[in-house]
Amino acid sequence: MPASALMNVMINATRKASRRLIRDFNEVEQLQVSVKGPSDFVTQADLACEKTLFEELSKAREGYGFLMEEQGTIQGSDKTHRWIIDPLDGTTNFLHGIPLFAISIALERDGELVAALVYNPAMDEFYTAERGKGAFLNDRRLRVAGRKTLSQSVVVTGIPHRGRGNHDQQLQEQRAVMQEVSGVRRTGSAALDLAWVASGRFDAYWERGIQAWDMAAGILLVREAGGMVTDMDGKDDMLKKGDILAASVPIHKSMYKTLTK
Ligand code: IPD
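Residues numbered from 1 in each chain as written. Predicted model: local features only at pLDDT ≥ 70, side-chain atom pairs only at ≥ 80, totals over all residues. Heavy atoms only, no water.

Could you clarify how one ought to interpret the pairing of strand β11 (residues 204-208) in this entry?
In the case of a regular strand, side chains alternate between the two sheet surfaces. Taking burial as the measure, the five residues of β11 include four buried ones, the bulk of the element. Judged from the three bridges that link them, strand β9 (residues 154-157) and β11 form a sheet pairing that is parallel. Across the sheet, V156 pairs through a bridge with Y205, a residue of β11. (Buried < 20%, exposed > 50% of the residue type's maximum accessible area, 1.4 Å probe, protein only. Helix = DSSP H or I, 4+ residues; strand = E, 2+ residues; numbered from the N terminus. Pairing = 2+ DSSP bridges.)

Right under this line is the structure:
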């Protein structure tokens, strides 16, 4: 399917921003062995990527508002549209030279997610979706996995690290899930976790305590690939509450039961 004008804008901005990100990632791999380490450098890479996305998207769609990981909220003159952006999801992976990170861009219109893009530069994988038009990996239409039982499923989660989140709750949930499934994974990029649920690589993804920019694009990808996304109360309030469960419809039901019992 040819990309719409809107999707072309998102793809072009991403391509431009990702060129620098890839260059910086190659540099980070060299910096691993230095005493100072690459963390300042990665912060700069993150900021530079966000700046390019902001400039390119502002130029192409004047007046739209922004919610971005680094700069926070920027009000636009057009109150009906808002970009939700994570310029570098999977920062810790990037910092360690692990090629699992992504640029994530979502567009909201009147509070509804209408367009999404998740791009993994290391694999050159563009995941895109527009409301009502399906989800794609490059040119290929995506469907969530067809597996019907947890015993066949590989699921992914986000694990809170030092100083963040409720570790006991995470361990309790993981304990319940690992007894039912054929595998539990942790990639370190929520945007990719959701994109991989949309593409059927993973059967489900759950996480608590994440930000709107980590998941906004991925939510639309999963929905447009035929999957189901809710918060941990089974409601549609993920962006506000910061928790999420995404899966195919039958697996969502089983995961929800397992996680809340
Ligand atoms: C993080 C990643 C990670 C998730 C964390 C997020 P960042 O985003 O998405 O997978 O478990 O909750 O904060 O910091 O790399 O943009």
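What is the right way to read the pairing of strand β3 (residues 78-89) from this model?
Relative to β3, strand β1 (residues 64-68) is paired through five bridges, and the arrangement is parallel. Paired with G65 across the two strands is R82, which belongs to β3.

When you look at unusual backbone geometry in this model, what are you seeing that I'm missing?
Leave glycine aside and you will find that most residues have negative phi; peptide bonds, for their part, are mostly trans. Even without being a glycine, D110 presents a positive backbone phi close to 50 degrees. Secondary-structure assignment places D110 in the loop between β4 (102-109) and β5 (112-120). Although it is not a glycine, D124 adopts a positive phi angle of roughly 50 degrees. Mapped onto the elements, D124 comes out in the loop between β5 and β6 (125-130). Overall, the relative accessible area of 40% leaves D124 in the partly exposed class.

Got a minute to help me understand helix α4 (residues 167-178) in this structure?
An α-helical segment advances 3.6 residues per turn. Residues three or four places apart therefore align on the same side. Here α4 spans 16 Å end to end across 12 residues, near enough to the 16 Å set by a 1.5 Å rise per residue. Taken together, the buried positions of α4 are Q170, E173, Q174, A176 and V177. Each buried residue of α4 sits inside an arc of 160 degrees when the element is viewed along its axis, so together they form one side. Exposed side of α4, more than 90 degrees from the buried face: D168, L171, Q172, R175 and M178 are the residues found there. Here the buried face of α4 lies against β9, β10 (183-185), β11 and α8 (249-260). For α4, the N-terminal capping position is held by N166, with its side-chain oxygen 3.2 Å away from the main-chain nitrogen of D168. (Expected span 1.5 Å × (residues − 1). Arc of directions from axis to C-beta. Contact = heavy atoms within 4.5 Å. Polar contact = N/O pair within 3.5 Å; in protein donor to acceptor, adjacent residues only side chain to side chain.)

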